[in-house]
Amino acid sequence: MLIIAPYAQKLRNGKENPKNYPYWKELVQEIQKNEHIVQIGLEGETQLVEDFRKGLSLLELRELLYESWMWVGVDSFFQHFAWKYNKQGIVLWSVSDPLIYGHDKHINLLKDRSYLAPNQFLWWENTEHNPNAFVKPEEVLYHLDYKTK
Amino acid sequence: MDKVLCSVATRGRYFTSLPLVLFAILNQTKLPDKLIIFDDNDEIQDMRKEPLYQHIFSILDFKKIDWEWAFAEKKGQHHIHQRANSLGYKWVWRVDDDAIPEPNVLEQLYTYATEVSKVGKPIGAVGGSILTMGMVSTVDQCTGKIEDIDNEPNIQWGLIKESKFVEHLHCSFLYRAGIHDYNLGLSRVAHREETLFSYGLFKKGYDLLVIPNCITWHLKSPSGGIRSETKEEMYHHDEKIYRNILELGDRTPIVLNCGLGDHIVFSSILPDIPNPIIYGCYPEVLPCKSIAEAQETFGDLDQWNIYKKMDEWGWKGSLEDAFRKLYQC
């Protein structure tokens, strides 16, 4: 079983969080061919797979994390949570800097540092969502394949 | 050499003690690298038009003292001091607008600050005697410890005969900048601001010193000055914050007014922080008191805002290391 944590916190201005990965549908379609996926998140978020577990407690998340062999997510609390429990995963970066907010333990996929927000410490409401800032699903799949081998 | 900023906060003293203070600064045996006069007057004036100030500014230029006249936000002198604290200088010499330093004061303060730091713990701040004629105290027996603050005169109110480590300072002193923030939760009157600030340096592990042969004359006046507010509730408000902070004793306040992920990252450094008392948003990650309680206790939480701090520091390292820097562990 593989966990996906697809969304960062909702923004107060209603805009798309610039950390949200734009190619989940394509990515999930490919992974699902061989793998059961559990999506974690909150009520109101777009459902990407059949098994969508909303509003889990930290205890429940930890149990789920231990059951999984892998997880894929964006830069949200979950990557820190998995780091705390020593569980490696894939983090899909765009505008936030993995050198500041990331953990070496994970596979940190950043397309290019030129897409990073110039100021890393402001509200993300000030940054536009840019689909070009993310790696394509093929690259994520490559790293997943590598992990299985 | 480490750079020294001299910061003078002024209000209501354009034509009384401020010119004397500026003359005393430009007559120091060690000159500051920069002088900033923070003008907090309700009705500001262009002092370049005043003959007396024209002379002062010309002499500053003649002596090649980099100086600046900055307009303050009218929020109280703690906001001014925090501006000075965050300008990137290694040391800040804060001089009140009614405090006239003898010519050797900065040299003495700086020498002690830098020389004592070489042999012991780093010095956080150094102060000399602040003497008000007619009110000079005998301070030989004073400890300068925070626990004695209500039971003894301030050690700087008397002639200091030998250097002594203390836990808080008063009025004008030289301090290591960028280590501890001023409490911006205080009211405009900023009652106890320097005690809270200097004690904060002490609590962060820096030594505070009072030294001999270093006299500043305090021309205490009933009018003018940065504390010319008279509203009693402001004093009560500030006194409450001050007492709350003193009550913490040797506990280290941790304030996590931030996201869930930040709490998780912070939790990794918690074992390295002595005697913590935590205020936060996610008790399921770390057992904590509420942020509302922190606000009530400290008045302002900006000094613990990790994002503001990383921005100030131009941070390039990890979030975990930023927390380590903030909490000095």
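Scoring rules and cut-offs
- Residues numbered from 1 in each chain as written.
- Chains lettered and ligands numbered in written order.
- Predicted model: local features only at pLDDT ≥ 70, side-chain atom pairs only at ≥ 80, totals over all residues.
- Helix = DSSP H or I, 4+ residues; strand = E, 2+ residues; numbered from the N terminus.
- Rg over C-alpha atoms; globule rule 2.2 N^0.38 Å.
- Buried ≥ 20, exposed ≤ 12 C-beta atoms within 10 Å, placed from the backbone.
- Contact = placed C-beta atoms within 7 Å.
- Nonpolar A, V, L, I, M, F, W, Y, C, P; charged D, E, K, R; others polar.
- Domains from an automatic or database assignment.
- Pairing = 2+ DSSP bridges.
- Right-handed = clockwise from strand over helix to strand, strands pointing away.
- Core = buried A, V, L, I, M, F, W, Y, C linked by C-beta atoms within 7 Å.
- pLDDT = per-residue confidence, 0-100.
- Axes fitted to C-alpha atoms, helices over the stretch in contact; angles between N-to-C directions.
- Parallel < 35°, antiparallel > 145°, perpendicular 65-115°, else oblique.
- Left-handed = near helix turned anticlockwise from the far one by under 90°.

Draft legend 1. A look at the overall build of chain A. The number of helices and strands found in chain A is 5 helices and 6 strands. The order of α-helices and β-strands along chain A, N terminus first, is β-α-β-β-α-β-α-β-α-β-α. The globule rule puts the C-alpha radius of gyration for 149 residues at 15 Å, and the 14 Å found for chain A is close to it. Taking the principal axes of its C-alpha atoms as reference, chain A extends roughly 40 × 30 × 30 Å. Here chain A holds 149 residues, and the buried ones make up 33% of them. Pairs at least 24 residues apart make up 54% of the contacts formed inside chain A by residues separated by at least 6 positions.

Draft legend 2. A look at the overall build of chain B. Within chain B one finds 10 helices and 11 strands. Over its C-alpha trace chain B gives a radius of gyration of 20 Å, about what one expects of a compact globule, namely 20 Å for 329 residues. For the C-alpha atoms alone, the extent of chain B along its principal axes is close to 65 × 45 × 45 Å. Looking at chain B residue by residue over its 329 residues, the buried ones come to 43%. Residue pairs at least 24 apart in sequence account for 77% of intrachain contacts in chain B once pairs closer than 6 positions are excluded.

Draft legend 3. Structural context of the interface of chain B and chain A. Taken together, the contact pairs 14 residues of chain B with 11 residues of chain A. Among the secondary structure elements, those contributing two or more residues to the side of chain B that touches chain A are helix H7 (260-267) and helix H9 (306-313) of chain B. No other element matches H7 of chain B, which puts 5 residues into the side of chain B that touches chain A. Looking at the side of chain B that touches chain A, its residues break down into 7 nonpolar, 4 polar and 3 charged.

Draft legend 4. Main features of helix H3 (residues 77-85) of chain B. Residue and element names in this part refer to chain B. With respect to burial, H3 is a largely interior element, 7 of its 9 residues being buried. Buried within H3 we find Gln77, His78, His79, Ile80, His81, Ala84 and Asn85. In this fold, the buried residues of H3 make contact with strand S1 (4-10), strand S2 (34-39), strand S4 (91-96) and helix H5 (193-203).

Draft legend 5. The domain arrangement of chain B, seen in detail. Residues and elements named next belong to chain B. For chain B, the domain assignment lists domain 1 (4-234) and domain 2 (249-326). The centre of domain 1, based on its C-alpha atoms, is set 30 Å off from the matching centre of domain 2. Contact with domain 1, which involves 6 residues of that partner, is made by 6 residues of domain 2. In terms of residue class, the side of domain 1 that touches domain 2 is built from 2 nonpolar, 3 polar and 1 charged.

Draft legend 6. Region of interest: the pairing of strand S3 (residues 66-71) of chain B. Residues and elements named next belong to chain B. Pairing geometry for S2 and S3, over 6 bridges, is parallel. When the bridges of S3 are listed, Lys34 appears paired with Asp66. In this fold, the crossover linking S2 to S3 by way of helix H2 (residues 51-62) has right-handed handedness.

Draft legend 7. Here's a closer look at unusual backbone geometry. Residue and element names in this part refer to chain B. Here Lys64, not a glycine, exhibits a phi torsion of approximately 60°, which is positive. With respect to the secondary-structure elements, Lys64 resides in the loop between H2 and S3. For Lys64, a count of 7 C-beta atoms within 10 Å translates into the label exposed. Non-glycine residue Cys171 carries a positive phi angle of around 65°.

Draft legend 8. Expanded view of the nonpolar core. Judged by nonpolar contacts, the single largest core of 119 residues is most densely connected at Leu92 of chain A together with Val21, Trp91, Trp93, Leu109, Val126 and Leu174 of chain B. At 6 residues, helix H4 (residues 105-119) of chain B tops the list of elements feeding residues into this core. In terms of domain composition, this core takes at least three residues from each of domain 1 (4-234) and domain 2 (249-326) of chain B. Contact partners of Leu92 of chain A, with chain neighbours within four places excluded, come to Tyr21, Val74, Leu109, Phe134, Val135 and Val140 of chain A.

Draft legend 9. How the structure looks around the confidence of the model for chain B. Summary statistics for chain B give a mean pLDDT of 94 and a share of 98% for residues scoring 70 or more. At the level of chain-chain contacts, confidence expressed as ipTM amounts to 0.95, with global pTM at 0.88.

Draft legend 10. The packing of H7 of chain B against helix H10 (residues 319-326) of chain B, seen in detail. All names here are of chain B. The interhelical angle for the contact between H7 and H10, taken along N-to-C directions, is 70°, at an axis separation of 9 Å. When the axis of H7 is compared with that of H10, the two are roughly perpendicular. When you trace H7 past H10, the crossing you get is right-handed. Residues Asp262, Val265 and Phe266 of H7 form the contact with H10, whose own contacting residues are Leu319, Glu320 and Phe323. Of the residues belonging to the contact of H7 with H10, the class tally is 4 nonpolar, no polar and 2 charged.

Draft legend 11. Here's a closer look at the sheet that holds strand S5 (residues 90-92) of chain A. Residues and elements named next belong to chain A. The strand order across the open sheet built from 6 strands is S3-S2-S1-S4-S5-S6, with neighbouring strands paired in parallel fashion. The outermost strands of the open sheet, each flanked by one partner alone, are strand S3 (52-54) and strand S6 (107-109). Averaged over all neighbouring strand pairs, the angle between strand axes comes to 20°, with direction disregarded. Here 4 bridges tie strand S1 (residues 2-5) to strand S4 (residues 70-74), and the two strands are oriented parallel to one another.

Draft legend 12. The arrangement of the environment of Thr46 of chain A in detail. All names here are of chain A. Among the secondary structure elements, Thr46 is positioned in the loop between strand S2 (37-41) and S3. Judged by the 12 C-beta atoms lying within 10 Å of it, Thr46 is exposed. Counting along the chain gives 40 residues from Thr46 to Pro6, while the straight-line C-alpha distance between them is 9.2 Å.

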